[in-house]
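Listed below are the residues making up each chain.
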Amino acid sequence: MVLRCVGHLHQLLYRNASRIPRQRGKAVYSGASEVWNEIKKKLQAFPGGSVDLIKKESGIAVLTINNPDRMNAFSGTMMLELQDHVTQLEAWTNGKGLIVTGAAGTFCSGSDLNAVRALSNSEDGIKMCMFMQDTLTRLLRLPLISVALVEGRALGGGAEVTTACDFRLMALASEIQFVHKQIGLVPGWGGAARLVRIVGSENALKLLSSAQKVNASYAEQIGLSDGVLSPLETLDTTLAQAEKWLSDFTGGPSPVIQAVKKVVVSGRELPLQDALRMERDIFGSVWGGPANLEALALKFKHK
């Protein structure tokens, strides 16, 4: 009976998805609103913690996973808040960058076990999995340049969240660990697919099959991390260091930064011909725009 229900769920999601064109900024599983409504009601029953969003005038936002009593594990309501914040960021016209971090010196330990136990049947597990896949895919597709700031530990689902950012920076004593195997699971929030694209299939297989603790040095060696931060070497906090690091990529007008991110997303996700058409359209949106005309007026020269 459970298998039949799960099969019906898959058919519903993919049948409806095939009828509605997928668009960046929209749900990955289009046409699945009845499924989302059902799982949202169940997630709402497991409160605790929060996901906090601050949008700065600089165009850089900070998204904080905040549930320190449970090592910043996601409660049901936190999953809903994360989706709401992603929706806000999709519409942020002045946005350029995003830092995803955790409260109280740790990143995230995955899912709150109270919610996991309550959603332990296969059908609910798949619905929750698809809900988080949808949210984290939209996070990665945001027209903002994003970086995960990993302090302390990023475990399980927390490790998956780090892969939903364009870059990862790690504090000196931090660790990323895909612990799924240890609890009889595999990643379900899209983390495995993204990990393969980040570190390659061989390294991904090693990390998933061994549940290895990946420190900052090894993460940088295999390409999982883009840099190691140490507040002991400067007067800045790790968050301030992350903002400085990100500012190297977010200098300039927000329409141009967003256009850069969009052409990269289309190049990564679309077949070549579709990616070329998308690049042409995005190019057209900034050609002759304020930033382009201002640069021309300054008699920009090739160096």
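A. Local environment of the overall build of the protein chain. Looking only at helices and strands, the protein chain features 13 helices and nine strands. Looking at the 303 residues of the protein chain, the share that counts as buried comes to 47%. Summed over its atoms, the accessible surface of the protein chain is roughly 15,400 Å², and 57% of this surface lies on carbon and sulfur atoms.

B. Just the nonpolar core, in detail. Phe74, Leu98, Phe107 and Leu224 are the most contacted members of the largest nonpolar core, which has 54 residues in total. For this core, the leading source of residues is helix 5 (residues 122-141), giving seven residues. Core analysis: the next-biggest nonpolar cluster, separate from the first, contains 11 residues, Ile145, Leu149, Leu169 and Trp245 among them.

C. Structural view of the sheet that holds strand 7 (residues 175-177). The strand order across the open sheet built from three strands is 5-7-8, with neighbouring strands paired in mixed fashion. Either end of the sheet is taken by a strand with one partner, and the two such strands are strand 5 (153-155) and strand 8 (214-215). Across two bridges, the pairing between strand 7 and strand 8 is antiparallel. Note that in strand 8 the partner of Glu175 across the bridge is Asn215.

D. How the structure looks around a nonpolar patch on the surface. Residues Val256, Val260 and Val264 make up a contiguous nonpolar surface patch of roughly 210 Å² in combined accessible area. Secondary-structure assignment places Val256 in helix 11 (residues 254-269).

E. Quick peek at the side chain of Thr101. Secondary-structure assignment places Thr101 in strand 3 (residues 97-102). You can call Thr101 buried: its relative accessible area is 6%.

F. Seen up close, the pattern of salt bridges. For the structure on display, the rule yields 14 salt bridges. For the salt bridge of Arg141 with Glu269, the shortest nitrogen-to-oxygen distance reads 2.9 Å. Placement of Arg141 in helix 5 and of Glu269 in helix 11 is noted, with a sequence separation of 128 residues between them. Taken together, the salt bridges that share partners define one network made up of Glu38, Glu123 and Lys127.

G. How the structure looks around the packing of helix 7 (residues 191-199) against helix 8 (residues 201-210). Look at helix 7 against helix 8: their axes get within 7 Å of each other, and the N-to-C directions meet at 130°. Taken together, the axes of helix 7 and helix 8 lie oblique to each other. Between helix 7 and helix 8 lies a crossing whose hand is right-handed. Residue-level contacts link Ala192, Leu195, Val196 and Val199 of helix 7 to Ser201, Asn203, Ala204, Leu207 and Leu208 of helix 8. Classifying every residue of the contact of helix 7 with helix 8 by side-chain character gives seven nonpolar, two polar and no charged.

H. Inspection of the confidence of the model for the protein chain at higher detail. Put simply, the protein chain has an average pLDDT of 89, and 89% of its residues get 70 or more. Below pLDDT 50 for its whole length, residues 1-24 participates in 34 contacts with residues either more than four positions away or in separate chains.

About the cut-offs
Residues numbered from 1 in each chain as written. Predicted model: local features only at pLDDT ≥ 70, side-chain atom pairs only at ≥ 80, totals over all residues. Heavy atoms only, no water. Helix = DSSP H or I, 4+ residues; strand = E, 2+ residues; numbered from the N terminus. Buried < 20%, exposed > 50% of the residue type's maximum accessible area, 1.4 Å probe, protein only. Areas by Shrake-Rupley, 256 points an atom, 1.4 Å probe, with all protein chains shown as cover. Core = buried A, V, L, I, M, F, W, Y, C linked by side-chain atoms within 4.5 Å. Pairing = 2+ DSSP bridges. Patch = residues over 30% accessible without salt bridge, like charges linked within 9 Å, V, L, I, M, F, W, Y side chains within 5 Å. Salt bridge = Lys/Arg side-chain N within 4 Å of Asp/Glu carboxyl O. Axes fitted to C-alpha atoms, helices over the stretch in contact; angles between N-to-C directions. Parallel < 35°, antiparallel > 145°, perpendicular 65-115°, else oblique. Left-handed = near helix turned anticlockwise from the far one by under 90°. Contact = heavy atoms within 4.5 Å. Nonpolar A, V, L, I, M, F, W, Y, C, P; charged D, E, K, R; others polar. pLDDT = per-residue confidence, 0-100.

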